[in-house]
Amino acid sequence: MNFDDRLPAAQLDEASEALEQLAGVLAGEQPLPDVLQQLAESASRVILDAENVSVTVIDAEGASTVAATDKKVVEIDADQYEAGQGPCLEAVRTQRPVRAAVGHARTRWPEFAAAAERVGVRAYLSAPLVVEGDVLGSLNLYSSVEAAFDPFDEALLRLFTTAASTSITGFRRYERTRGLVAGLERALESRAEIDQAKGVLMAAHGVDATEAFRRLVEESQTHNTKLRVVARNLLDSVRRPGPVP
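These figures come from a predicted structure and were not determined experimentally.

J.: Give me the nonpolar core: which residues, what numbers.
T.: One finds V55, L139 and L141 to be the most contacted residues of the largest nonpolar core, which totals 26 residues. At the level of secondary structure, the elements contributing two or more residues to this core comprise α2 (32-46), β1 (52-59), β4 (123-131), β5 (134-143) and α6 (151-205). With six residues, the top contributor of residues to this core is α2. Every residue in contact with L141, bar those within four places of it in the chain, is listed here: I47, A50, N52, V53, A123, Y124, L125, F149 and L157. Among the nonpolar cores identified, the runner-up in size contains 18 residues, and V73, A100, W109 and A113 belong to it.

Here it is, written out as structure tokens:
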């Protein structure tokens with residue numbers, strides 16, 4: 001086996017190690033931008049032709065670069081976003097990897113080509129990030145060598161886009177779960193305040209729990225105020241000097 005034969009195997013080993021490290025980052029529940037930054041740095045280390053890497057995310061406000069290994073390449077993607085065209089947006093649109101040799105892209109994507117040439121980028125490879133069936137953005141590689149990025153690089157890039165998609169999916173689920181838990185906590189807090197307010201009315205007016213709750217609901221409807229706010233206001237009034245409503 002010669003050196004060239006060993007090189008892909010070594011890259012795969014390093015890719016496996018990088019993905020294991022990324023899994024550790026995910027287990028630590030770090031913020032999503034930190035996870036994507038770790039992924040960009042890992043891809044830059046493992047994919048030999050990738051001198052820099054960025055991550056594009058597209059949401060309701062448009063496209064933005066949320067992670068990059070060097071600030072100088074961020075403007076390449078920014079010019080694509082502003083022009084509404086370029087290889088990273090093409091990868092998003094077609095849901096397929098797009099390789100661009102900058103010298104051959106001047107006619108098709110002039111804004112991208114101009115931005116790339118300003119910082120010495122000669123080749124660019126972008127692959128889509130697909131999350132739960134939706135295309136969220138792209139993972140973008142940069143090289144100063146025009147002949148950079150072969151099919152093996154594309155295969156490695158797919159490993160990292162899969163990892164990124166898994167990261168974003170997990171983050172979305174975590175955020176949804178955290179929202180549900182927060183909602184449940186608010187509901188339990190509101191229930192406790194309502195029960196306390198019922199107890200105040202029962203003690204102050206000698207009524208049962210049903211009548212106390214009816215009075216709270218009536219107050220809520222009369223003043224178009226949420227029931228938990230009515231209960232909280234009542235409890236606040238009890239803590240201050242004065243008669244119970």
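Still to come is the rest of the account.
J.: Hey, could you go over the pairing of β5 for me, with residue numbers and the actual values?
T.: Counting buried residues along β5, eight of its ten residues qualify, which places the element largely inside the surrounding structure. Note that β1 and β5 share six bridges and pair antiparallel. Opposite S54, over in β5, you have N140 as the bridge partner. Looking at chain direction, β4 and β5 are connected through nine bridges and run antiparallel. Counterpart to P128 in the pairing with β5 is S138.

J.: Which residues make up helix α8 (residues 227-239), and what are the values?
T.: In this model α8 runs 19 Å from its N-terminal to its C-terminal C-alpha over 13 residues, within 8% of the 18 Å that 1.5 Å per residue would give. Looking at α8, one finds that the buried residues are V230, A231, L234, L235 and S237. All buried residues of α8 lie within an arc of 160° about the axis, which places them on one face of the element.

J.: Give me the packing of aromatic side chains: which residues, what numbers.
T.: The geometry of an aromatic ring pair comes down to the distance between the two centres and the angle between the two planes. By the definition in use, this model includes three aromatic pairs. Each ring, one from W109 and one from F112, has its centre 6.3 Å from the other, and the planes form 85°; the classification is edge-to-face. The exposure class assigned to W109 is buried, which follows from its relative accessible area of 6%. Among the residues examined, F112 registers a relative accessible area of 0% and is labelled buried. Ring centres of Y124 and Y142 lie 5.2 Å apart, and the angle between their planes is 85°; this geometry places the pair in the edge-to-face category. Separated by 18 residues along the polypeptide, Y124 in strand β4 and Y142 in strand β5 bring together distant segments of the chain. With respect to class, Y124 is no different from Y142; both count as buried. Feature note: the residues W109, F112, Y124 and Y142 constitute an aromatic cluster, connected by ring pairs.

Conventions adopted
All chains use their own residue numbering, which begins from 1 and follows the written sequence. In keeping with the model being predicted, local features are shown solely for residues with a pLDDT of at least 70 and side-chain atom pairs are shown and tallied solely at 80 or more, while totals for entire chains, interfaces and linings include all residues. Where side-chain values are given, they derive from all heavy atoms of the structure, hydrogens and water being excluded. Put simply, a nonpolar core is a bunch of buried Ala, Val, Leu, Ile, Met, Phe, Trp, Tyr and Cys residues held in one set by side-chain atoms that sit within 4.5 Å of each other. We call a residue buried when its accessible area falls under 20% of the maximum for its residue type, exposed when it is over 50%, and partly exposed in between, using a 1.4 Å probe and counting protein chains only. Under the scheme used here, helices are H or I runs from DSSP no shorter than 4 residues and strands are E runs no shorter than 2 residues, and both carry numbers assigned from the N terminus. The criterion used for residue contact is that any of the two residues' heavy atoms lie within 4.5 Å. Strands are labelled as partners when DSSP assigns at least two bridges between them. To estimate the expected span of a helix, subtract one from its residue number and multiply by 1.5 Å. The arc in question is the one traced by the directions running from the helix axis out to the C-beta atoms. What counts as a ring pair is set by centres within 6.5 Å for rings of Phe, Tyr and Trp (its six-membered ring), and what kind of pair is set by the plane angle: stacked under 30 degrees, edge-to-face over 60, tilted for all other angles.

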